[in-house]
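What follows is the residue order along each chain.
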Amino acid sequence: MKFRPLHDRVLVKRVEQDTKTAGGIIIPDTAQEKPMEGKIIAAGSGTRTDDGKVLPLDVKAGDHVLFGKWSGTEVMVDGEELLIMKESDLLGIIEGAAKKKKK
């Protein structure tokens, strides 16, 4: 199934967090909080101004972002748990996140 968010909405996949602390303690699933970091899977076309012009979004597919703990609506797309949220719910873009993950 293909999914395309409308207007100023984005589709976000949560990025998995480490299950082990720096000291080597393994955190069980029941004690872990849901991550507030994710990757943009798809983005809408942008918001419309009063005169009908479309203002493009600041984020695009592939960007790593931070969002609020209670932001977005959880949905299932192709058996995967994703979030739909407005661009205004995003706190910022994490630059260089892909480079860190490769090391």
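Residues numbered from 1 in each chain as written. Predicted model: local features only at pLDDT ≥ 70, side-chain atom pairs only at ≥ 80, totals over all residues. Heavy atoms only, no water.

### Considering the environment of arginine 4
Part 1: For arginine 4, the position within the fold is in the segment before strand 1 (9–14).
Part 2: C-alpha of arginine 4 to C-alpha of alanine 43: the two residues are 39 residues apart in sequence and 7.0 Å apart in space. (Helix = DSSP H or I, 4+ residues; strand = E, 2+ residues; numbered from the N terminus.)

### Thoughts on the environment of phenylalanine 67
Part 1: Within the secondary structure, phenylalanine 67 is located in strand 5 (residues 64–67).
Part 2: When its relative accessible area of 1% is taken as the criterion, phenylalanine 67 is described as buried.
Part 3: Sequence spacing of phenylalanine 67 and leucine 90 is 23 residues, and the spatial spacing of their C-alpha atoms is 4.6 Å. (Buried < 20%, exposed > 50% of the residue type's maximum accessible area, 1.4 Å probe, protein only.)

### Side note on the pairing of strand 1
Part 1: With 4 bridges connecting them, strand 1 and strand 7 (residues 80–86) associate as antiparallel partners. Opposite arginine 9, over in strand 7, you have lysine 86 as the bridge partner.
Part 2: Of the pairings in the sheet, the one linking strand 1 to strand 2 (residues 37–43) comprises 5 bridges and is antiparallel in character. Pairing of arginine 14 across the sheet is with glycine 38, part of strand 2. (Pairing = 2+ DSSP bridges.)

### Remarks on the nonpolar core
Part 1: Of all hydrophobic cores here, the largest spans 10 residues; its members are Val10, Val12, Ile40, Leu57, Val59, Val65, Phe67, Leu83, Met85 and Leu90.
Part 2: Those elements giving two or more residues to this core turn out to be strand 1, strand 5 and strand 7.
Part 3: Residues in contact with isoleucine 40, not counting those within four places in the same chain, are Val10, Leu11, Val12, Val59, Lys60, Ala61, Gly62, Asp63, Val65 and Leu90.
Part 4: In this structure, Leu11, Ala42, Val77 and Ile84 belong to the second largest nonpolar core, which totals 5 residues. (Core = buried A, V, L, I, M, F, W, Y, C linked by side-chain atoms within 4.5 Å. Contact = heavy atoms within 4.5 Å.)

### A look at unusual backbone geometry
Part 1: One non-glycine residue, histidine 7, adopts positive backbone phi at about 50 degrees.
Part 2: Tracing the chain through its elements places histidine 7 in the segment before strand 1.
Part 3: Residue aspartate 78 is not a glycine yet carries a positive backbone phi of 55 degrees.
Part 4: Along the chain, aspartate 78 turns up in the loop between strand 6 (73–77) and strand 7.
Part 5: Judged by its relative accessible area of 53%, aspartate 78 falls in the exposed class.

### Notes on the pattern of salt bridges
Part 1: According to the stated counting rule, one finds 3 salt bridges in the structure shown.
Part 2: For glutamate 80, the salt bridge identified is with lysine 13, shortest N-O distance 2.8 Å. Note that glutamate 80 is positioned in strand 7 and lysine 13 in strand 1, a separation of 67 residues in sequence.
Part 3: Owing to a relative accessible area of 35%, lysine 13 belongs among the partly exposed residues under this scheme.
Part 4: In this structure, arginine 14 engages glutamate 74 in a salt bridge whose closest nitrogen and oxygen atoms are separated by 3.6 Å. Taken together, the positions of arginine 14 in strand 1 and glutamate 74 in strand 6 put the pair 60 residues apart, joining distant regions of the chain.
Part 5: Accessibility expressed as a relative area gives 16% for arginine 14, which makes it buried.
Part 6: Taking the relative accessible area as the measure of exposure, glutamate 74 reaches 40% and is therefore partly exposed. (Salt bridge = Lys/Arg side-chain N within 4 Å of Asp/Glu carboxyl O.)

None of this, on its own, says anything about what the molecule does.
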